[in-house]
Amino acid sequence: MSPSNKYKMVIFSMAFLTMSLLIVVPTLAATAKEYPQVPIIQIMYLVALPTIFSVPASLSMGFLRKKFSSKAIAVTGMILFLISGLTIPFIEDFYMILAMRCVNGIALGINGAIHVALIAELFPPQERADVMGVRTSFYTGGGLVYSLLSGYIVQNYGWRYSYYLYAVAALALLIILAYLPSKKVAEANQAVSSTAASSVKEPYNWGVYFILFMTFIAYACAPVIGNNMAMHITGRALGDNSMVGVALAINVGFGALVGIWFKKIASVTKRYTYAVGALTMGMGLSIVGLADSFSVVAIGQILAGFGWTVIVSQGNMLMFQNTTTLNRAMAISIMVAMGNFAQFLCPNITVPLASVLFGNTPADRFLVAGSGLLILSVIAALVDPKKAIPPNT
């Protein structure tokens, strides 16, 4: 097997774990029944706490990758995935379960930042779009598998058994041990390494800050799907709980297919790629909010899945293009942390805005998030962060 294919196996196996939070989402109702004395907001912390603890873990990657090899960091992340997931079926105390979810957040932060940075480290610019597109397919495909399997396991065996799905990290660990080189970032370029080691810092151009702004808006809108889909479908009598899983599967499943075609999509949409993604997802969420039947929800989810895959892939590609070997690792770490923090804030943004602008129903929250993405699409169409890149770089 060629080194390039080995590296792809590493990156894709790590990407498959990125949406592993969806393992937990179907377990929340059953967990709440087992712990009736625990406030419902603390039950929701099972999903929320990992996103918060992933932020400092992501931010530390720029520093840690100068001190330790990418392989050592990635292996650490996989071990934390295994510990934080496979111990929960044996833990009775709810607050110890929350503690393990915090550890899981550290694993998420490590995994999210390191595998995206590896694309820039291990592949030349002309190959990155292809790798990023397939990476996004594994990212969303993992979400599809986790949501369907976890829902089935909860229904037939119990919520604790869903956490055994974290055993997939063992496969990723073996792939990393076998195929990821044991070297520090940019070791192949000794001149760059020497400059980095001497603490010479390269400032970010304005395009990096604009990409971070777009990341925050997009990631603050996207979680409205997971937060509200169940209440939206059952509350409007558009389907039962089984149809909620179908709706989520349509989104991530179609997104996984789109990832394979990302390079071709980007070659057609060119500098408007991010705007097209935001426009499509904004339309999709708005359609879901206005839906009066499940078939309309499905149409909205197809559009949202298309748009989200394009947003994620193009956002990473823009960050690669607007950074150099000296400042890329930290920029990617900040972007991952920004996205995770925005996901945590999503309910705190969409719920108050929906109450003020429309109403306080799940449908209204979809409309708020959809409107936010439509506005973002206009901004992304008007501002080209590539213009921030200095000539001849």
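Draft legend 1. Quick peek at the overall build of the protein. Counting its secondary structure elements, the protein contains 18 helices and zero strands. Relative to the 2.2 N^0.38 estimate, which gives 21 Å for 393 residues, the radius of gyration of the protein is 20 Å and therefore close to what a compact globule would have. With the C-alpha coordinates of the protein rotated into their principal frame, the extents come out at 60 × 50 × 35 Å. Taking the contacts inside the protein whose residues are at least 6 apart along the sequence as the reference set, 83% of them involve residues at least 24 apart. For the protein, the accessible area works out to roughly 16,600 Å², and carbon and sulfur atoms hold 69% of it. Taking the average place of the 23 positive charges on the side chains of the protein and the average place of its 12 negative ones, the gap between the two points comes to 10 Å.

Draft legend 2. Examining the environment of Thr 273 more closely. Along the chain, Thr 273 turns up in helix 15 (residues 273–290). Ignoring anything within four residues of it in the chain, the contact list for Thr 273 reads Phe 262, Ala 266, Val 310 and Gln 314.

Draft legend 3. A look at helix 11 (residues 206–221). The terminal C-alpha atoms of helix 11 lie 23 Å apart, and with 16 residues this matches the ideal 22 Å at 1.5 Å per residue to within 8%. Among the residues making up helix 11, those that are buried are Gly 207, Val 208, Phe 210, Ile 211, Leu 212, Met 214, Thr 215, Ala 218, Tyr 219, Ala 220 and Cys 221. On its buried face, helix 11 is in contact with helix 12 (224–235), helix 15, helix 16 (294–321), helix 17 (328–357) and helix 18 (362–382).

Draft legend 4. Seen up close, the nonpolar core. Of all hydrophobic cores here, the largest spans 108 residues; its most connected members are Met 78, Ile 225, Met 229, Met 281, Leu 285 and Trp 308. Ignoring sequence-local partners within four residues, the contact set of Trp 308 consists of Tyr 139, Ala 218, Tyr 219, Ala 222 and Met 281.

Draft legend 5. Focus on the pattern of salt bridges. Tallied over the entire structure, the rule returns four salt bridges. Taking the shortest distance from any N to any O, the salt bridge between Glu 34 and Arg 160 comes out at 3.1 Å. Here the residue Glu 34 occupies a position in helix 2 (residues 28–34), and Arg 160 occupies one in helix 8 (residues 159–162), the gap between them amounting to 126 residues. A salt bridge links Glu 92 to Arg 160; the shortest N-O distance between them is 3.5 Å. Of this pair, Glu 92 sits in the loop between helix 5 (70–86) and helix 6 (94–122) while Arg 160 sits in helix 8, and the two are 68 residues apart along the sequence.

Draft legend 6. Spotlight on unusual backbone geometry. Located in the positive-phi region is Ala 237, a residue other than glycine, with phi close to 55°. With a phi close to 55°, Lys 270 is a non-glycine residue in the positive phi region. Residue Lys 270 is classed as exposed on the basis of its relative accessible area, which comes to 58%.

Draft legend 7. Structural detail: the packing of helix 11 against helix 17. Close contact between helix 11 and helix 17 brings their axes to 7 Å; oriented N to C, the two are set at 40°. Taken together, the axes of helix 11 and helix 17 are oblique relative to one another. Helix 11 and helix 17 meet at a crossing whose hand is right-handed. On helix 17, the residues that touch Ile 211, Leu 212, Thr 215, Phe 216, Tyr 219, Ala 220 and Cys 221 of helix 11 are Ile 334, Met 335, Met 338, Gly 339, Phe 341, Ala 342, Gln 343, Leu 345, Cys 346, Ile 349 and Thr 350.

Draft legend 8. Structural view of the packing of aromatic side chains. Counted according to the given criterion, the structure contains 15 aromatic pairs. Centroid distance Trp 159 to Tyr 163: 6.1 Å. Interplanar angle 80°. Geometry classified as edge-to-face. The buried category is assigned to Tyr 163, whose relative accessible area is 1%. Members of the aromatic cluster, connected to one another through ring pairs, are Tyr 35, Phe 81, Phe 94, Tyr 95, Trp 159, Tyr 163 and Tyr 166. Directly above the ring of Phe 320 sits Arg 128, whose terminal nitrogen or CZ lies 5.9 Å from the centroid.

About the thresholds
- Each residue is numbered by its place in its chain's sequence as written, counting from 1.
- Where totals are concerned, whole chains, interfaces and linings use all residues; where local detail is concerned, this predicted model gives features only for residues with pLDDT of at least 70, and gives and counts side-chain atom pairs only at 80 or more.
- Excluded from the side-chain calculation are hydrogens and water; included are all heavy atoms of the structure.
- Strands here are runs of E lasting at least two residues and helices are runs of H or I lasting at least four, both read from the DSSP assignment and numbered beginning at the N terminus.
- Put simply, the radius of gyration uses C-alpha atoms, and a globule should come to 2.2 Å times the residue count raised to 0.38.
- Residue contacts are defined here by distance: any two heavy atoms, one from each residue, within 4.5 Å place the two residues in contact.
- Per-residue accessibility takes into account occlusion by the displayed protein chains alone, with areas from the Shrake-Rupley method and a 1.4 Å probe.
- All tallies of charge rest on Lys and Arg as positive and Asp and Glu as negative; His and the ends of each chain are not included.
- Throughout, a charge is located at the NZ atom of Lys, the CZ atom of Arg, the CG atom of Asp or the CD atom of Glu.
- In this analysis, the expected span of each helix is defined as 1.5 Å times one less than the number of residues it contains.
- Exposure is judged per residue with a 1.4 Å probe applied to protein chains only, and the accessible area is read against the type maximum: over 50% gives exposed, under 20% gives buried, and values in between give partly exposed.
- In this text, buried Ala, Val, Leu, Ile, Met, Phe, Trp, Tyr and Cys residues form a nonpolar core when linked through side-chain atoms within 4.5 Å.
- A carboxyl oxygen of Asp or Glu within 4 Å of a side-chain nitrogen of Lys or Arg is what we treat as a salt bridge.
- Here, axes are lines fitted to C-alpha atoms. For helices the fit covers the stretch in contact, and angles between N-to-C directions go from 0 to 180 degrees.
- The scheme is simple: roughly parallel for angles under 35 degrees, roughly antiparallel for over 145, roughly perpendicular for 65 to 115, oblique for anything else.
- Crossing handedness is read from the near helix: turned anticlockwise from the far helix by less than a right angle, it gives a left-handed crossing, and turned clockwise, a right-handed one.
- Two rings from Phe, Tyr or Trp (for Trp, the six-membered ring) form a pair when their centres are within 6.5 Å of each other. A pair whose planes differ by under 30 degrees is stacked, one over 60 is edge-to-face, and the rest are tilted.
- Lysine NZ or arginine CZ positioned within 6 Å of the ring centre and within 35 degrees of the ring normal marks a charge as sitting over the ring.

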